[in-house]
4 protein chains.
Amino acid sequence: MNRGRLEAFSDGVIAVAITLLALNLAVEGPGHGPLLDQLAHRWPAFVAYLISFFTIGIIWVNHHALVEDLALVDRTLLFLNLGLLLFVVAIPFGTATMANYLTEGGQDSHMAMAIYCLIFLGMSASFAAIFGWSLGDGRRLHPIPPESQRSAWIRFTIGGLIYVVALAVAFVSAPAALAIVGLVAVYYVVERTPAVGQPTRQ
Amino acid sequence: MNRGRLEAFSDGVIAVAITLLALNLAVEGPGHGPLLDQLAHRWPAFVAYLISFFTIGIIWVNHHALVEDLALVDRTLLFLNLGLLLFVVAIPFGTATMANYLTEGGQDSHMAMAIYCLIFLGMSASFAAIFGWSLGDGRRLHPIPPESQRSAWIRFTIGGLIYVVALAVAFVSAPAALAIVGLVAVYYVVERTPAVGQPTRQ
Amino acid sequence: MNRGRLEAFSDGVIAVAITLLALNLAVEGPGHGPLLDQLAHRWPAFVAYLISFFTIGIIWVNHHALVEDLALVDRTLLFLNLGLLLFVVAIPFGTATMANYLTEGGQDSHMAMAIYCLIFLGMSASFAAIFGWSLGDGRRLHPIPPESQRSAWIRFTIGGLIYVVALAVAFVSAPAALAIVGLVAVYYVVERTPAVGQPTRQ
Amino acid sequence: MNRGRLEAFSDGVIAVAITLLALNLAVEGPGHGPLLDQLAHRWPAFVAYLISFFTIGIIWVNHHALVEDLALVDRTLLFLNLGLLLFVVAIPFGTATMANYLTEGGQDSHMAMAIYCLIFLGMSASFAAIFGWSLGDGRRLHPIPPESQRSAWIRFTIGGLIYVVALAVAFVSAPAALAIVGLVAVYYVVERTPAVGQPTRQ
């Protein structure tokens with residue numbers, strides 16, 4: 001199996017998923033009140049768009065860095081990658097549902113936010129599974145120094161734990177959980193640490 | 001004709017089709033009862049998403065393995081490949097229709113499930129046609145040992161027959177037919193046998 | 001400008017357009033009469049899907065053959081290619097509109113079919129424009145023997161003329177025009193003549 | 001990080017966004033008055049499709065030219081590129097909203113047009129940010145002569161200023177602002193000046 005087609009297919013899926021996010025920005029149109037009111041009423045859709053867009057973007061950046069270090073692409077890895085894409089493809093659904101219920105309050109907003117966090121948690125766990133499988137056999141990944149491996153695992157664990165925390169917070173306050181997920185995205189965008197495996201090429 | 005663009009176009013189509021699957025997960029939104037009830041009511045959509053996602057994923061993995069062994073891409077192969085994509089593109093339609101009717105019972109649920117199975121059967125037959133055409137002329141495929149060819153044909157025949165069985169079962173019990181289609185996906189994901197043609201490179 | 005990215009972008013646009021075609025297959029769902037009746041009522045959508053799918057597929061095959069022979073990709077060619085894609089992207093709209101009005105009869109079905117034919121005519125003319133521009137400067141295309149050039153121009157002219165005929169017929173009988181467009185697709189799929197420029201590499 | 005995957009992902013996103021533009025061309029269908037009237041009533045959707053299609057196309061052409069000159073793709077550039085794509089992905093939303101409100105008149109048409117212009121302004125600014133970052137470190141871009149740099153900056157500034165003007169005009173006359181945005185697209189399509197960085201390869 002060559003790496004190029006794994007990248008091309010994953011890029012395609014991620015590109016479609018990230019673009020479909022914008023479908024939920026649509027307003028009802030003329031005859032449903034002033035446009036500004038419609039837009040103001042749909043602020044959660046715009047915030048959700050921003051957060052999901054950059055979260056998917058970060059996944060893409062990290063996916064790229066990881067796949068670049070793969071020495072061997074086997075059938076198991078292809079299916080682990082499909083597992084990751086299963087969650088990526090579900091993000092537009094999770095984002096739209098969360099945005100539609102965020103300001104409803106009550107049990108439904110908690111439930112919608114929990115689904116949103118669960119999808120990100122599943123994505124995060126799938127990504128760690130791909131990394132773990134790649135490490136599990138000396139032939140699958142170009143050599144990574146132990147300290148790099150350890151720091152990558154710490155990052156995966158922290159990332160996953162934050163989504164667990166967001167999931168728990170979702171049942172108390174949906175907006176607070178959204179803020180946590182948003183801060184994760186901001187953190188990954190602004191941080192200067194190289195992504196998984198990158199140090200090995202310097 | 002170069003192989004790269006056949007792969008790129010097929011990957012694009014498969015990537016869009018697999019991502020569109022998630023459009024059918026959408027719930028009606030606020031004002032249509034508790035979110036949890038809406039989601040529970042739509043469980044067939046989630047099961048269908050899982051099964052169709054991995055079935056498309058398997059097609060992609062197998063398509064990759066087959067195309068990688070092609071020595072010659074001619075005009076006939078391009079159109080056989082379009083035939084395969086015709087069914088792949090129809091999967092989101094078949095999946096949504098099946099999921100919407102699964103719990104309706106009666107003739108409609110049988111009909112919807114039969115369409116779903118027919119699309120997979122068409123896809124399976126198209127894939128076999130591509131393989132058969134590739135074998136038909138010694139120049140089209142890198143050499144494959146006879147035992148590999150035989151095992152590939154057995155696999156295609158069994159795969160096709162299972163979809164025929166599922167199609168027949170659809171007219172008796174839609175959920176039973178769905179279980180069969182789902183088991184095919186699980187089988188292909190967990191099996192360890194290399195895909196078509198892969199032995200030739202070892 | 002490198003050819004690879006022109007191909008990648010065109011492939012992406014064509015792949016998305018071909019996949020969006022299937023969105024119009026959707027039936028209204030439970031509560032709108034027996035599924036079989038809904039499907040039977042929507043037969044134009046299925047016929048239109050088949051014809052548009054293979055027409056887009058043929059464009060992709062021919063686009064591939066032409067681009068493969070390009071020696072130079074300049075800015076004008078990029079915009080001529082965008083012109084081609086403008087019509088490709090409009091095909092799902094034209095297909096859905098045509099299918100929705102085909103059995104309505106009267107002026108509307110003529111108008112809808114005329115739009116459908118116009119989009120294909122525009123696509124055909126754009127393709128000829130790309131070929132013409134490529135020939136216009138000796139540096140842009142790998143050398144093509146004069147007899148190949150002449151046969152390519154004859155094919156373009158015939159293809160364009162058939163769509164003009166279909167456009168005229170649309171105002172008399174929409175189904176007859178659809179049959180013409182469908183026959184063009186069948187002809188290009190089954191014909192054995194190599195595509196534009198391919199002889200130059202033999 | 002390799003340039004190829006940055007191009008592939010950007011091409012994928014741009015290709016999906018440009019294709020989704022056509023979703024807004026859909027008419028309501030049979031039972032909503034003569035088709036010709038429906039189409040005539042929706043003329044802003046067709047004009048908006050043309051302008052947005054070619055504006056996205058121009059972005060793609062310029063993006064291609066810029067990325068081709070990149071010597072180094074770092075993490076910051078990936079996120080600046082995501083910023084550009086954030087606006088590209090929002091174009092179908094902005095286009096549909098603008099087209100739906102253009103003929104409504106009053107405050108809503110001004111607001112819808114202002115959003116449309118803002119998205120293009122954001123896209124324009126993101127593009128300039130990518131160019132600026134690429135220049136900021138001698139290692140990131142293949143050498144560009146100072147006069148080329150200056151002319152590129154002048155073009156970015158003029159492009160950005162025109163969108164600022166269109167944004168201001170939107171609050172006075174939505175159609176006038178649309179005309180300005182359309183003229184920008186026409187100008188870039190017909191102009192003969194090479195894109196950013198291209199002179200360096202002659």
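Our structure is the block above this text.
Now for a quick tour of the structure.

Parameters and conventions
Residues numbered from 1 in each chain as written. Chains lettered and ligands numbered in written order. Predicted model: local features only at pLDDT ≥ 70, side-chain atom pairs only at ≥ 80, totals over all residues. Heavy atoms only, no water. Contact = heavy atoms within 4.5 Å. Salt bridge = Lys/Arg side-chain N within 4 Å of Asp/Glu carboxyl O. Helix = DSSP H or I, 4+ residues; strand = E, 2+ residues; numbered from the N terminus. Buried < 20%, exposed > 50% of the residue type's maximum accessible area, 1.4 Å probe, protein only. Least-squares fit on C-alpha atoms with pLDDT ≥ 70 in both. Buried area = accessible area lost by both parts, 1.4 Å probe. Polar contact = N/O pair within 3.5 Å; in protein donor to acceptor, adjacent residues only side chain to side chain. Nonpolar A, V, L, I, M, F, W, Y, C, P; charged D, E, K, R; others polar.

### Overview of the arrangement of the chains
Turning to step 1, where the next piece is worked out: When C-alpha atoms are compared, chain A and chain C, though not in contact, are closest at a spacing of 8 Å.
Turning to step 2, where the next piece is worked out: Nowhere do chain B and chain D come into contact; their C-alpha atoms are at least 8 Å apart.

### Structural notes on the pattern of salt bridges
Turning to step 1, where the next piece is worked out: Per the counting criterion, the structure on display carries four salt bridges over all chains.
Turning to step 2, where the next piece is worked out: With its nearest N and O atoms 2.6 Å apart, the salt bridge here joins B:Asp11 to A:Arg5. Remark: A:Arg5 occurs in helix H1 (residues 3–20) and B:Asp11 occurs in helix H1 (residues 3–20); the pair is interchain, linking two chains.
Turning to step 3, where the next piece is worked out: Residue B:Asp11 is classed as buried on the basis of its relative accessible area, which comes to 4%.

### Considering the relation of the copies chain C and chain D
Turning to step 1, where the next piece is worked out: Once chain C is rotated about the relating axis by 90 degrees and shifted along it by 0.0 Å, it coincides with chain D to within an RMSD of 0.0 Å. What the superposition gives is, in effect, a four-fold axis relating one chain to the other.
Turning to step 2, where the next piece is worked out: Mapped onto chain D, only 7% of the interface residues of chain C are again interface residues, and the two copies thus contact each other with different surfaces.

### Description of the interface of chain A and chain B
Turning to step 1, where the next piece is worked out: The interface of chain A with chain B comprises 30 residues on the first partner and 43 residues on the second.
Turning to step 2, where the next piece is worked out: Taking both partners together, chain A and chain B bury about 3,100 Å²; carbon and sulfur atoms supply 72% of that area.
Turning to step 3, where the next piece is worked out: In this assembly, chain A and chain B are joined by one salt bridge.
Turning to step 4, where the next piece is worked out: Seen at the junction of chain A and chain B, the total is seven residue pairs in polar contact (both at pLDDT 80 or more).
Turning to step 5, where the next piece is worked out: Breaking the side of chain A that touches chain B down by element, the ones donating at least two residues are H1, helix H4 (75–101) and helix H5 (106–136) of chain A.
Turning to step 6, where the next piece is worked out: Here the element with the most residues in the side of chain A that touches chain B is H4(A); it accounts for 14 residues.
Turning to step 7, where the next piece is worked out: The class makeup of the residues in the side of chain A that touches chain B is 20 nonpolar, six polar and four charged.

### Focus on the relation of the copies chain A and chain B
Turning to step 1, where the next piece is worked out: Least-squares fitting of chain A to chain B yields an RMSD of 0.0 Å, with the transformation described by 0.0 Å of translation along the axis and a rotation of 90 degrees.
Turning to step 2, where the next piece is worked out: Of all interface residues in chain A, a mere 7% are interface residues in chain B too; the two copies therefore contact each other through different surfaces.

### Remarks on the interface of chain C and chain D
Often, the extent of an interface is quoted as the loss of accessible area on bringing the components together.
Turning to step 1, where the next piece is worked out: Contacts between the two partners involve 30 residues from chain C, matched on the other side by 43 residues from chain D.
Turning to step 2, where the next piece is worked out: Inspection of the region where chain C meets chain D yields one salt bridge.
Turning to step 3, where the next piece is worked out: The biggest single contributor to the side of chain C that touches chain D is helix H4 (residues 75–101) of chain C, with 14 residues.
Turning to step 4, where the next piece is worked out: Residue composition of the side of chain C that touches chain D, grouped by class: 20 nonpolar, six polar and four charged.

### Topic: the environment of D:Leu85
Turning to step 1, where the next piece is worked out: Mapping D:Leu85 onto the fold places it in helix H4 (residues 75–101).
Turning to step 2, where the next piece is worked out: The exposure class assigned to D:Leu85 is buried, which follows from its relative accessible area of 1%.
Turning to step 3, where the next piece is worked out: It is 7.6 Å that separates the C-alpha atoms of D:Leu85 and D:Ile14, two residues lying 71 residues apart in sequence.
Turning to step 4, where the next piece is worked out: When residues no more than four places from it in sequence are discounted, the contact partners of D:Leu85 are A:Phe53, D:Phe9, D:Ser10, D:Val13 and D:Ile14.

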